Amino acid sequence: MVYNVGIDEKGGALRMAEYRDRGDRRAGRSENESNQAVNKGRVTRGGQRGNTDRTATGSRRGSSARRSGSRSRRRRLQRRRMVVSALIEILILVLLAGAFCWNRGLGAKVSGFLGRFDGPPVKELDVTGVNSSNVVLMDVKSGRVIGDLNGEERIYPASMTKIMTAIVALEAFSDLDSEITLSDDIFYALDGQDATQAGFRPGESVRVRDLVYGAMLPSGAECCLALADAVSGSEEAFAQRMNQKAKSIGMKESHFMDCTGLHDPEHYSTAYDIALLLKYALHNDTFRDVIESHFHSTPATNVHPDGITYYSTMFKNMSDTTVTGGEILGGKTGYTSEAGHCLASFAQIYDREYILVTAGAPADATGVPHLLDAKTIYNRLGEAVAAKQ
């Protein structure tokens, strides 16, 4: 019995030791599992912190990239606006320059170039059988001469000279409402010259535009001299300027000695050159307004409180301006005993403009042979154009 108990006790002790060993191992495994869990949690939290840090860093980088892209877009937009603004400014400057130059010869050059491609309906017209010894009929748009009688022969232009005086003055002044005071010297120079005057007096202050009207309509010599003095300081210097303008227009056979057209053997032109001059001048809007006017009234001056009204020497002697297919629109007359009766005019016939220059017409009973010649030739032209239609 004792033997059995001993065995049992010994076995029980062994089992107890085994149980303790198993418990220790389980406890160790639990502790290891716990430690692993802790370590895993630390790793997980560290990974989360790493992911958070990386996300934050990426977010900062993305925000920085977005800000950089926004600044880049703003810079591009600003550059585009600057380019557009610069282009608009350039366009405005070009338009202003074009407007300024149009009445100073650019219009004539552009029109002359384009007109080459649009010839007149009548290519040639007989202009003989008239009072004038020199005749040129020109189509304005193309510049083509369609009627010629001694058109290249030297003539004395008389007061047709004032077309040049007017256009040079108009191109010289930027403010046509500025005033010029007529000096005593102007009237001393004209004394005894038998020159036509508009009616102004020494010491009178007159607007530039009124002087231009005065030179063109009543053919006022005092207006021409006042303009010449104001532009160039003297008539001689102004005549040099007139010759420079003639050269630029292409008036190869012309030479000017004065601004009035008073006779001088070295003051000459041709009917063709005067036609070129009128064609050029008509591209100036103010000049066209002047030469188409039948009369003009000035405002009050320091000498004439009611102003002065003067009349066109052409229109006052031409009661009827109508011609076949149109009408005579304007013109500048001239006369000296050496030049005879002269006329530089233009007309619209069947919606097209023509220039007619006649010179060398002797005086007759009517006193207006140059005006009769103009009516005769324009009527011939109208009939010829009608026959083509």
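Each value, and the rule that gives it
Residues numbered from 1 in each chain as written. Predicted model: local features only at pLDDT ≥ 70, side-chain atom pairs only at ≥ 80, totals over all residues. Heavy atoms only, no water. Buried < 20%, exposed > 50% of the residue type's maximum accessible area, 1.4 Å probe, protein only. Helix = DSSP H or I, 4+ residues; strand = E, 2+ residues; numbered from the N terminus. Pairing = 2+ DSSP bridges. Contact = heavy atoms within 4.5 Å. Axes fitted to C-alpha atoms, helices over the stretch in contact; angles between N-to-C directions. Parallel < 35°, antiparallel > 145°, perpendicular 65-115°, else oblique. Left-handed = near helix turned anticlockwise from the far one by under 90°. Nonpolar A, V, L, I, M, F, W, Y, C, P; charged D, E, K, R; others polar. Patch = residues over 30% accessible without salt bridge, like charges linked within 9 Å, V, L, I, M, F, W, Y side chains within 5 Å. Areas by Shrake-Rupley, 256 points an atom, 1.4 Å probe, with all protein chains shown as cover. Salt bridge = Lys/Arg side-chain N within 4 Å of Asp/Glu carboxyl O.

**Q** Just checking my understanding: could you explain the pairing of strand β1 (residues 134–139) for this structure?
**A** In regular strands, side chains alternate between the two faces of the sheet. Most of β1 sits inside the fold, with 6 of its 6 residues counted as buried. The alternating pattern of β1 places N134, V136 and M138 on one face and V135, L137 and D139 on the opposite face, and all of these are buried. Note: β1 against strand β12 (residues 352–361), 6 bridges, orientation antiparallel. Bridging across to β12, V136 finds its partner in V357. Bridge analysis of β1 against strand β2 (residues 145–149) gives 4 bridges, and the strand direction is antiparallel. Residue pairing across strands places V135 opposite L149, the latter belonging to β2. Count of turn residues in the β1/β2 antiparallel hairpin: 5 residues, of which G143 carries a positive phi of about 75°.

**Q** Explanation requested: the sheet that holds strand β9 (residues 322–323) in the structure shown.
**A** The strands that make up a sheet are held in pairs by hydrogen bonds between backbone atoms, and each pair lies either parallel or antiparallel. One open sheet accounts for 6 strands, arranged β2-β1-β12-β11-β10-β9; its pairing is antiparallel. A strand with exactly one partner marks an edge of an open sheet, and here the two such strands are β2 and β9. Both strand β10 (residues 326–336) and strand β11 (residues 340–349) contribute to a ladder of 10 bridges, which runs antiparallel. Note that in β11 the partner of G326 across the bridge is I349. Relative to the sheet, helix α7 (residues 271–281) contacts β1, β2, β11 and β12, its axis offset from that of β1 by approximately 35°.

**Q** Explain the packing of helix α2 (residues 161–172) against helix α5 (residues 221–232) here, please?
**A** Geometry of a packed helix pair, given as the angle between the helix axes and the separation of the axes. Contact geometry of α2 with α5 gives a least axis separation of 10 Å together with a crossing angle of 40°. Judged by the inter-axis angle, α2 sits oblique to α5. In the packing of α2 onto α5, the handedness of the crossing is left-handed. Counting all contacts with α2, which are made through K162, T165, A169 and A172, the residues of α5 involved are A221, C224, L227 and V231. Here the residues of the contact of α2 with α5 are counted per class, giving 6 nonpolar, 1 polar and 1 charged.

**Q** When you look at the environment of C224 in this model, what are you seeing that I'm missing?
**A** Considering the arrangement of structural elements, one finds C224 in helix α5. Judged by relative accessible area, which is 0%, C224 ranks as buried. C-alpha separation for the pair C224 and C259, spaced 35 residues apart in sequence, amounts to 6.1 Å. In contact with C224, not counting residues within four places along its chain, are K162, T165, A215, C259 and T260.

**Q** Even after reading the chapter, I still don't get a nonpolar patch on the surface, so can you show me in this structure?
**A** Side chains of V83, L87 and I90 sit close together on the surface and give an oily, nonpolar patch of about 290 Å² of accessible area. Mapped onto the elements, L87 comes out in helix α1 (residues 2–115). Among the residues examined, L87 registers a relative accessible area of 53% and is labelled exposed.

**Q** Sorry, what's going on with the environment of H294 here?
**A** Tracing the backbone through its elements, the reader meets H294 in the loop between α8 (285–291) and β7 (295–297). Put simply, H294 and Y310 are 16 residues apart on the chain and 8.8 Å apart in space, counted from C-alpha to C-alpha. Discounting residues that sit within four places of it in the chain, H294 has contacts with Y311, S312 and F315.

**Q** What should I look at first to understand the packing of α5 against helix α6 (residues 235–249) in this one?
**A** Viewed as axis vectors pointing N to C, α5 and α6 meet at an angle of 85°, and their least axial separation amounts to 8 Å. When the axes of α5 and α6 are compared, the pair comes out roughly perpendicular. Taken together, the residues of α6 that come into contact with α5 (itself represented by L225, A228, D229, V231 and S232) are E235, A237, F238 and R241. Partitioned by chemical class, the residues of the contact of α5 with α6 number 5 nonpolar, 1 polar and 3 charged.

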